[in-house]
Amino acid sequence: MSENNLGDIGLIGLGTMGANLTLNIAENGFKVAVHNRTTSRIGDFIAGAGSLREQLIGCETLEALIGALKKPRSVILMVPAGPIVDDYISALRALMDADDLIIDAGNANFHDTNRRAAGGEPFLGIGVSGGEEGARHGPSIMGGGPRDQWNRVAPILEAIAADYEGAPCATWMGEGGAGHAVKTVHNGIEYADMQMIAETYGIMRDGFGMQPQQIADVFNQWNQGVLKSYLMEISGQVSAAIDPQTHRPVLDIILDRAGQKGTGRWTAIEAQHLGVPASVIEAAVAARNLSAQLDTRKTGEDIFGAAPLPVDPEALTIGTLENALIAGKIMCYAQGFELLAAMSGANGWSLPMPDIARVWREGCIIRSTMLNDMATALQKQPGVNLMFSDFFASRLRETQDDLRATVSKAAGSGLPAPALSAGLSYFDIMRTGRSTANLIQAQRDFFGAHGFERIDADGAHHGPWGAGG
Ligand code: 6PG
């Protein structure tokens, strides 16, 4: 094959994300050599690529893929996270030159990426967010691995990424698994954002007795203001959609059991591992787990009765709910960025917090206008907990009463709002100068002689509780 006919980059894995990413790369003028384990898919994919067909080279074997690429080669893996990635890495390494690059673009666990990167061979782990549509027309890309390897493929990744006012949403986050770590926390936040929106939906549906179309109108209205975001936009769309078979609102016929691939859980695990509070995200993950326990919940309904009490629309207005969601969202992101800071320290990275907020402004699932304010706040006040930043502290002063009203009215009516409640508790704990942990310390000292610090003297002390102390 002449040099001109060789691919600029290879891609393995023509599932929805891989196929769309390939078309995106091809549309941006690069030649892509593609391979898929089920080889019949390769021909079908190329045949369906329309005018982009010219930019694609179908390769039935890994050997053919390697032979079809310009040197030094770069190959993107877009395959399910886990051992399949390791299998492909070993198979490719056996065929590649020492300076050839492998890029894992799946939703890998960043600990795996750290391990894979430790071998020293050129390897990048990139988090790609934006679902099908994003992959095709502009995802948000969070890169990790050696900086020089990132620089090598940055022209392609920046060209295919979404842009925010001309700035590409593709950024190098740090060495090793830094990119996948940022993507993991993105997904944890995604879970919490979705859950909090669902909680306001629950209050409107079960507390106010509103119909899906009315709820859609509210979401659409919220999407014009501070809450403007992709998830709010699609919440409006799904709430308004009608099922063609039954002509009922689609939301009414969807089973209330949410799936998950696990990245939200990884965020909660990491938070626990590092001892960082991520209670809003944890509540969202727990809510997904509980959603899966459909039969158990039905049993509970039989035992305790379900019907939530109506919420007095005078006591809790749509505007109150909107502010509650704003406050809950600030708390969720405050925790997310605190977690990222801890992950950064634990892994020897210098994760660029303002850049993370910037790269999430477009292309990814959690994109929102609020992220632009977060980027500004994190730039202006480096290292600040977002909820204490001047901008968001002032926003919290305006909205925290409404979060409190929403959580308390929801609780009073028997409507679960675990993520919003967790956000409120975080807020209240974070502004409590003297907490109740003095009692915990006394208990620890009593049963385990663990000692405690005094407010009026240095050193370790014990209580006057005899043998236990
Ligand atoms: C994205 C998403 C994506 C995620 C799916 C499903 O950023 O594009 O986070 O990567 O895999 O949205 O995630 P769950 O199955 O865990 O809900």
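Everything numeric in this text was worked out from a predicted model, so none of it was measured.

Visitor: Help me out: how do you make sense of the nonpolar core in this one?
Guide: One recurring pattern in soluble globular proteins is that nonpolar side chains are buried together. Core analysis: the largest hydrophobic core is formed by 84 residues, its most contacted members being Phe337 and Trp360. If one sorts the elements of this core by residue count, helix 15 (residues 318-346) sits on top with 14 residues. Beyond its immediate chain neighbours, meaning those up to four positions away, Phe337 contacts Met353, Ile356, Ala357, Trp360, Met374, Leu378 and Leu386. Counting 36 residues, the second largest nonpolar core, distinct from the first, contains Val32, Ile76, Leu101 and Ala105.

Visitor: Explanation requested: the packing of aromatic side chains in the structure shown.
Guide: For any pair of aromatic rings, geometry is given as the distance between the ring centres together with the angle between the planes. If you walk through the whole model with that rule in mind, you get six aromatic pairs. Where Phe391 meets Phe392, the ring centres are 4.9 Å apart and the plane angle is 75°; that geometry is what we call edge-to-face. Using a relative accessible area of 37% as the deciding quantity, one classes Phe391 as partly exposed. The ring of Tyr191 carries the charged tip of Arg288 above its face, separated from the ring centre by 3.6 Å. It is Arg367 that lies over the ring of Tyr230; its NZ or CZ is 4.0 Å from the centre.

Visitor: What is the right way to look at the sheet that holds strand 1 (residues 9-12) in this model?
Guide: Hydrogen bonding along the main chain pairs the strands of a sheet, whether they run parallel or antiparallel. Taken in spatial order, the eight strands of this open sheet run 3-2-1-4-5-6-7-10, and their pairing is mixed. This sheet does not close on itself; its edge strands, each paired only once, are strand 3 (56-58) and strand 10 (170-174). Between one strand and the next, the sheet's axes are offset by a mean angle of 25°, whatever the strand orientation. Across three bridges, the pairing between strand 1 and strand 4 (residues 74-77) is parallel. Within strand 4, the residue paired with Leu11 across the bridge is Ile76. Lying on the sheet, helix 2 (residues 40-47) is in contact with strand 2 (32-35) and strand 3; it crosses strand 3 at an angle near 155°. Against the sheet, helix 7 (residues 147-160) touches strand 1, strand 4, strand 5 (101-104), strand 6 (123-129), strand 7 (140-144) and strand 10, its axis set at about 155° to strand 10.

Visitor: Just to check I follow, could you spell out the site of the ligand for this structure?
Guide: Neighbouring residues of the ligand: 14 residues in total, closest Ser129, Lys183, Glu190, Tyr191 and Arg288. In the model, an oxygen atom of the ligand is placed 2.9 Å from a nitrogen or oxygen of the Gly130 main chain. Between the ligand and Gly131 there is a distance of 3.1 Å, counted from an oxygen atom to a backbone nitrogen or oxygen. Within the complex, 81% of the 410 Å² of free accessible area of the ligand lies under protein. Residue contributions to the shell around the ligand peak at five residues, all from helix 8 (residues 178-207).

Visitor: What am I meant to see in the pairing of strand 7 here?
Guide: One face of the sheet, then the other: side chains in a regular strand alternate in exactly this way. With five of five residues buried, strand 7 is to be regarded as a mostly interior element. Burial of strand 7 is two-sided: the residues Ser140, Met142 and Gly144 facing one way and the residues Ile141 and Gly143 facing the other way are all buried. Summarising the sheet, strand 6 and strand 7 pair through five bridges and their orientation is antiparallel. Across the sheet, the residue bridging to Gly127 is Met142, located in strand 7.

Visitor: What's the story with unusual backbone geometry in this structure? I'm lost.
Guide: Backbone phi values are negative for most residues with the exception of glycine, while trans is the configuration of most peptide bonds. For the bond running from Lys71 to Pro72, omega is -10°, close enough to zero to count as cis. With respect to the element layout, Pro72 can be found in the loop between helix 3 (62-67) and strand 4. In this structure, Glu165 is a non-glycine residue whose phi angle is positive, near 45°. Among the secondary structure elements, Glu165 is positioned in the loop between strand 8 (163-164) and strand 9 (167-168). In this structure, His247 takes a positive phi of about 65° despite not being glycine.

Visitor: Got a minute to help me understand helix 15 in this structure?
Guide: Helical geometry note: an α-helix holds 3.6 residues per turn, so side chains three or four residues apart project in the same direction. Taking 1.5 Å as the rise per residue, helix 15 with 29 residues should run 42 Å; its terminal C-alpha atoms sit 42 Å apart, in good agreement. In terms of residue burial, helix 15 counts as a mostly covered element, since 21 of its 29 residues are buried. Backbone geometry just downstream of helix 15 places Gly348 in the positive-phi region, at approximately 70°.

Visitor: Where do I start with the pattern of salt bridges in this structure?
Guide: Opposite charge on two side chains allows them to pair when their charged atoms are near. Per the stated rule, a full pass over the model turns up 17 salt bridges. When the shortest N-O distance is used, the salt bridge between Glu27 and Arg136 registers 3.0 Å. Highlighted residues: Glu27 in helix 1 (residues 16-27) and Arg136 in helix 6 (residues 131-137), separated in sequence by 109 residues. Assessed through its relative accessible area of 45%, Glu27 is described here as partly exposed. With a closest N to O distance of 2.5 Å, Asp355 and Arg358 form a salt bridge. Here Asp355 and its partner Arg358 are both found in helix 16 (residues 353-359), three residues apart, which amounts to about one turn of the helix. Owing to a relative accessible area of 25%, Arg358 belongs among the partly exposed residues under this scheme. Overlapping salt bridges, with partners in common, bring together Asp86, Asp104, Asp112, Arg115 and Arg116 in one network.

Visitor: What am I meant to see in the side chain of Ser413 here?
Guide: Secondary-structure assignment places Ser413 in the loop between helix 18 (390-412) and helix 19 (418-430). On the accessibility criterion, Ser413 (9% relative accessible area) is buried. Other than its neighbours up to four places away in sequence, Ser413 contacts Pro308, Leu309, Pro310 and Val311.

Visitor: Would you mind going over the packing of helix 15 against helix 18 with me for this structure?
Guide: Geometry of a packed helix pair, given as the angle between the helix axes and the separation of the axes. As a packed pair, helix 15 and helix 18 sit with axes 7 Å apart at the nearest point and diverge in direction by 120°. What the angle tells us is that helix 15 and helix 18 run oblique. In this structure, the crossing between helix 15 and helix 18 has a hand that is left-handed. Across from Gly319, Thr320, Leu321, Asn323, Ala324, Ile326, Ala327, Gly328, Ile330 and Met331 in helix 15, the residues of helix 18 making contact are Phe392, Arg395, Leu396, Glu398, Thr399, Asp402, Leu403, Ala405 and Thr406. When its residues are assigned to classes, the contact of helix 15 with helix 18 shows 10 nonpolar, six polar and three charged.

Reading guide: rules and limits
- Residues numbered from 1 in each chain as written.
- Predicted model: local features only at pLDDT ≥ 70, side-chain atom pairs only at ≥ 80, totals over all residues.
- Heavy atoms only, no water.
- Core = buried A, V, L, I, M, F, W, Y, C linked by side-chain atoms within 4.5 Å.
- Buried < 20%, exposed > 50% of the residue type's maximum accessible area, 1.4 Å probe, protein only.
- Helix = DSSP H or I, 4+ residues; strand = E, 2+ residues; numbered from the N terminus.
- Contact = heavy atoms within 4.5 Å.
- Phe/Tyr/Trp six-rings, centres within 6.5 Å; stacked < 30°, edge-to-face > 60°.
- Lys NZ or Arg CZ within 6 Å of the ring centre and 35° of its normal.
- Pairing = 2+ DSSP bridges.
- Axes fitted to C-alpha atoms, helices over the stretch in contact; angles between N-to-C directions.
- Near = heavy atom within 4 Å.
- Polar contact = N/O pair within 3.5 Å; in protein donor to acceptor, adjacent residues only side chain to side chain.
- Areas by Shrake-Rupley, 256 points an atom, 1.4 Å probe, with all protein chains shown as cover.
- Expected span 1.5 Å × (residues − 1).
- Salt bridge = Lys/Arg side-chain N within 4 Å of Asp/Glu carboxyl O.
- Parallel < 35°, antiparallel > 145°, perpendicular 65-115°, else oblique.
- Left-handed = near helix turned anticlockwise from the far one by under 90°.
- Nonpolar A, V, L, I, M, F, W, Y, C, P; charged D, E, K, R; others polar.

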